[in-house]
Amino acid sequence: MVQAARLSRQGSATAPALMLVQIASLQAGSAVAKEAYASVGPSALAGMRLCFSAVILWLLVRPSLRKVTATQWRAVIPLGLVLAAMNVAYFQAISHLPIGVAATVELLGPLALSIALSRRLEHLVVALLALAGVLLLAGPGASLSAVGLALGGAAALCRAGYVVLSRRVGRLFTDWTGLSLALACGACVLTPVSAVTGGAAVAAHPAVLLTGLLVALLSSLIPYALDMTVLRRIDTRAFGVLLALSPAVAATAGFLLLHEQLTVRQLAAVALVVLAGAWSVRRTGGPAAAEARTGTPDS
């Protein structure tokens, strides 16, 4: 019992480092994808991202479909659909918004989820900080695309659903079979749509397939695998707030790789959302941590 508790604490301690790698990989992949938008559209790249990820992981895992139970399928299929929707929404959002801003809006989904799952009144302050960041981004006088913000909001909803479903799949499977099947389900839905809408552009620029492969590795395969690893070690609320660094890392990636400049107002909004998440990270003890140690599943 003592040894199990010690291993659990060690696993929880490595979660922030794994999340930092996840965030850096995801945002680097997003920057690479956005750089290719001059040749091929966001939907085509989203389709390549999911398709290549599904194929690679399937070849590595080689899942046995006969061993998958009905309960597992009921978790895997929704996760696959959410992955497809999240890919399209976010890649469309960054075609209208700087990556740092898009990541800020997308973070609101997991952050709202973490606050909803918290039983602490003090997290109302965290919610107000995040709300202030949103108002700075979308309020009067903002220079951001309304379409981009709406797409970012859709990505935020998908991201929240992804966190819940990914944790459930991670608990139903002891290996990477669940993630492999979910990626395959999502790819089966998204790839044909992407082929119809962006196939001609890909055929005209075949070199973009290599870009799609790189994006799949950086922004799907590595992050999703790390997500499932982390979600087996910590609870959903703690995971949501550990994503707080996403906007800062995304803004840095956008600046270094795409030369995207954020206004003072946008930087302040990013800072408020990051502060909200960082404050929550300080408070991940108590019931949330106890749930992670005991392995109690979410309702």
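What you see is a predicted model, and the numbers here were worked out from it, not measured in a lab.

Procedures and definitions
- Residues numbered from 1 in each chain as written.
- Predicted model: local features only at pLDDT ≥ 70, side-chain atom pairs only at ≥ 80, totals over all residues.
- Heavy atoms only, no water.
- Helix = DSSP H or I, 4+ residues; strand = E, 2+ residues; numbered from the N terminus.
- Buried < 20%, exposed > 50% of the residue type's maximum accessible area, 1.4 Å probe, protein only.
- Contact = heavy atoms within 4.5 Å.
- Areas by Shrake-Rupley, 256 points an atom, 1.4 Å probe, with all protein chains shown as cover.
- Polar contact = N/O pair within 3.5 Å; in protein donor to acceptor, adjacent residues only side chain to side chain.
- Patch = residues over 30% accessible without salt bridge, like charges linked within 9 Å, V, L, I, M, F, W, Y side chains within 5 Å.
- Salt bridge = Lys/Arg side-chain N within 4 Å of Asp/Glu carboxyl O.
- Disulfide = S-S within 2.5 Å.
- Expected span 1.5 Å × (residues − 1).
- Arc of directions from axis to C-beta.
- Core = buried A, V, L, I, M, F, W, Y, C linked by side-chain atoms within 4.5 Å.
- Axes fitted to C-alpha atoms, helices over the stretch in contact; angles between N-to-C directions.
- Parallel < 35°, antiparallel > 145°, perpendicular 65-115°, else oblique.
- Left-handed = near helix turned anticlockwise from the far one by under 90°.
- Nonpolar A, V, L, I, M, F, W, Y, C, P; charged D, E, K, R; others polar.
- pLDDT = per-residue confidence, 0-100.

**Some remarks on the overall build of the chain**
1) Next: Looking only at helices and strands, one finds twelve helices and zero strands in the chain.
2) Next: Along the chain, helices (α) and strands (β) appear in the sequence α-α-α-α-α-α-α-α-α-α-α-α when read from the amino end.
3) Next: Burial status across the chain gives 50% buried among its 299 residues.
4) Next: Put simply, of all contacts in the chain between residues at least 6 apart along the chain, 90% involve residues at least 24 apart.
5) Next: Total accessible area computed for the chain in this model is approximately 13200 Å², and 71% of it derives from carbon and sulfur atoms.

**A few points about unusual backbone geometry**
1) Next: Residue Arg-62 is not a glycine yet carries a positive backbone phi of 50°.
2) Next: With respect to the secondary-structure elements, Arg-62 resides in the loop between helix H2 (42-61) and helix H3 (70-93).
3) Next: Given a relative accessible area of 64%, Arg-62 falls into the exposed group.
4) Next: Within the chain, His-259 stands out as a residue other than glycine whose phi angle is a positive 60°.
5) Next: Assignment of secondary structure puts His-259 in the loop between helix H10 (246-258) and helix H11 (264-282).
6) Next: On the basis of relative accessible area, His-259 is assigned to the exposed category, the value being 62%.

**Details of the environment of Lys-34**
1) Next: In this structure, Lys-34 sits in helix H1 (residues 2-35).
2) Next: Taking the C-alpha atoms as reference points, Lys-34 and Pro-98, 64 residues apart in sequence, are found 9.8 Å from one another.
3) Next: One polar contact links the side chain of Lys-34 to the main-chain carbonyl oxygen of Ile-94, over a distance of 2.8 Å.

**Comments concerning a nonpolar patch on the surface**
1) Next: Taken together, the side chains of Ile-77, Leu-81 and Val-189 define a hydrophobic patch exposed on the protein surface, amounting to about 240 Å² of accessible area.
2) Next: Looking at the secondary structure, you find Val-189 in helix H7 (residues 177-204).

**Remarks on the state of the cysteines**
1) Next: Inspection of the entire model under this criterion finds zero disulfides.
2) Next: As a non-bridged cysteine, Cys-51 has Cys-188 as the owner of its nearest cysteine sulfur, 8.7 Å distant.

**As for the side chain of Glu-260**
1) Next: Mapped onto the secondary structure, Glu-260 falls in the loop between H10 and H11.
2) Next: Not counting the four nearest positions on each side in its chain, Glu-260 is found in contact with Lys-34, Pro-98, Ile-99, Gly-254 and Phe-255.

**Brief notes about H10**
1) Next: Counted at 1.5 Å a residue, the expected span for H10 with its 13 residues is 18 Å, and the 17 Å between its end C-alpha atoms agrees.
2) Next: Along H10, the residues that are buried comprise Ser-246, Pro-247, Ala-250, Ala-251, Ala-253, Gly-254 and Leu-258. When H10 is viewed along its axis, its buried side chains cluster within an angular range of 160° and face the same direction.
3) Next: Once H10 finishes, His-259 follows within two positions and takes phi at roughly 60°, a positive value.

**Some thoughts on the nonpolar core**
1) Next: Residues Leu-83, Phe-91 and Leu-183 are the most contacted members of the largest nonpolar core, which totals 77 residues.
2) Next: With ten residues, H3 is the largest single contributor of residues to this core.
3) Next: Residues within four places of Phe-91 in sequence aside, it is in contact with Ser-30, Ala-33, Tyr-37, Pro-42, Leu-45, Ala-46, Arg-49, Val-215 and Ser-219.

**Quick word on the packing of helix H4 (residues 99-117) against H10**
1) Next: For the pair H4 and H10, interaxial distance at closest approach is 7 Å and the crossing angle is 160°. Compared by their axis directions, H4 and H10 come out roughly antiparallel. The two elements H4 and H10 cross, and the hand of that crossing is right-handed. Counting all contacts with H4, which are made through Ile-99, Gly-100, Ala-103, Thr-104 and Leu-107, the residues of H10 involved are Ser-246, Pro-247, Ala-250, Ala-251 and Leu-258.
2) Next: For the contact of H4 with H10, the class distribution of residues is seven nonpolar, three polar and no charged.

**Some words on the packing of H7 against helix H8 (residues 208-231)**
1) Next: At a minimum axis separation of 14 Å, H7 and H8 run at an interaxial angle of 155°. As far as their axial angle goes, H8 and H7 are roughly antiparallel. In this structure, H7 crosses over H8, and the sense of that crossing is right-handed. In contact with Leu-179, Leu-183 and Val-202 of H7, H8 contributes Val-208, Leu-209, Leu-221, Tyr-224, Ala-225 and Met-228.
2) Next: By residue class, the composition of the contact of H7 with H8 is nine nonpolar, no polar and no charged.

**A word on the confidence of the model for the chain**
1) Next: Here the chain averages 82 in pLDDT, and 82% of its residues register 70 or above.
2) Next: Of all helices and strands in the chain, the one with the weakest mean pLDDT is helix H12 (residues 287-294) (41), whereas H3 scores best (95).
3) Next: Every residue in residues 1-8 is under pLDDT 50, and counting partners more than four places away or in other chains gives two contacts.
4) Next: Counting contacts from residues 284-299, a segment whose pLDDT is below 50, to residues more than four positions away or on other chains yields 28 contacts.

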